[in-house]
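Breakdown of the fold
Listed here are the chains, written in short residue letters.
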Amino acid sequence: KIKRMRVHFVAVRKEILERYKNVLQQVGLNVVYSEPAPMCLVRVLLQKKIIKSDQKVAIINTDFNDAGIIVVDKGIVQFVRDFQLQNPTLNVAPLDLEMLRKKLLNEIKISLDFYIRQFRSEKIEELYALSFASDQDLSATLQKELEISTKKVNLQPWAKSLIPLE
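I will try to describe carefully the structure that is included in this document. (Residues numbered from 1 in each chain as written. Predicted model: local features only at pLDDT ≥ 70, side-chain atom pairs only at ≥ 80, totals over all residues. Heavy atoms only, no water.)

Considerations on the packing of helix H3 (residues 97-118) against helix H4 (residues 137-146)
Where H3 meets H4, the axes come as close as 11 Å, and the angle between the chain directions of the two elements is 45°. Our classification of the angle between H3 and H4 gives oblique. Where H3 crosses over H4, the two elements pack in a sense that is right-handed. On the side of H3, the interface is formed by Arg101, Leu104, Leu105, Ile108, Lys109 and Leu112, while H4 contributes Asp137, Leu138, Thr141, Leu142, Glu145 and Leu146. (Axes fitted to C-alpha atoms, helices over the stretch in contact; angles between N-to-C directions. Helix = DSSP H or I, 4+ residues; strand = E, 2+ residues; numbered from the N terminus. Parallel < 35°, antiparallel > 145°, perpendicular 65-115°, else oblique. Left-handed = near helix turned anticlockwise from the far one by under 90°. Contact = heavy atoms within 4.5 Å.)

Concerning a nonpolar patch on the surface
Together, Met5, Val7 and Phe9 make up an exposed nonpolar region whose accessible area comes to about 440 Å². Looking at the secondary structure, you find valine 7 in the segment before helix H1 (14-26). A relative accessible area of 51% means that valine 7 is categorised as exposed. (Patch = residues over 30% accessible without salt bridge, like charges linked within 9 Å, V, L, I, M, F, W, Y side chains within 5 Å. Areas by Shrake-Rupley, 256 points an atom, 1.4 Å probe, with all protein chains shown as cover. Salt bridge = Lys/Arg side-chain N within 4 Å of Asp/Glu carboxyl O. Buried < 20%, exposed > 50% of the residue type's maximum accessible area, 1.4 Å probe, protein only.)

A few points about the nonpolar core
Side chains that are nonpolar tend, in soluble globular proteins, to be buried together. Ile69, Leu104, Ile108, Leu112, Leu142 and Leu146 are the most contacted members of the largest nonpolar core, which totals 21 residues. In contact with leucine 104, not counting residues within four places along its chain, are Ile60, Thr62, Ala67, Phe83, Leu85 and Leu138. Counting 13 residues, the second-largest nonpolar core is a separate cluster that includes Leu41, Leu45, Val57 and Val72. (Core = buried A, V, L, I, M, F, W, Y, C linked by side-chain atoms within 4.5 Å.)

Below, the structure is given as structure tokens:
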């Protein structure tokens, strides 16, 4: 039996990484390790036992303008896609909540369809919706429309412990 291994390559321009490192050093922090945000997020979710390492899950991270999807298989990031829901720099009226949800749902469907076709993968076992908002509407909509068990993860408690709020 031939075992297959998937290798992920991640790149960042050295100048950009140095710029971030310098900013952190100016406030007295010493950078000893850096990793891409999706991998860091997955590591934290695994560590806090929010997601299980033996499942294939999708993580939806959204705010008012941008959103992203991360597909994780057995604790390893397999697919990442960021997309814009609306562009605040354009001089157009912001989308109403219902249009934002429709656009988000469409982008998630496109992403999951691509992932399943590209990676010849089975369906996603669970979906996690990350948000600072406390309502359950988005999670319920995702579960109904995508027919995938969906859990809401409220990030507000984490923000309070990490960032001093005035």
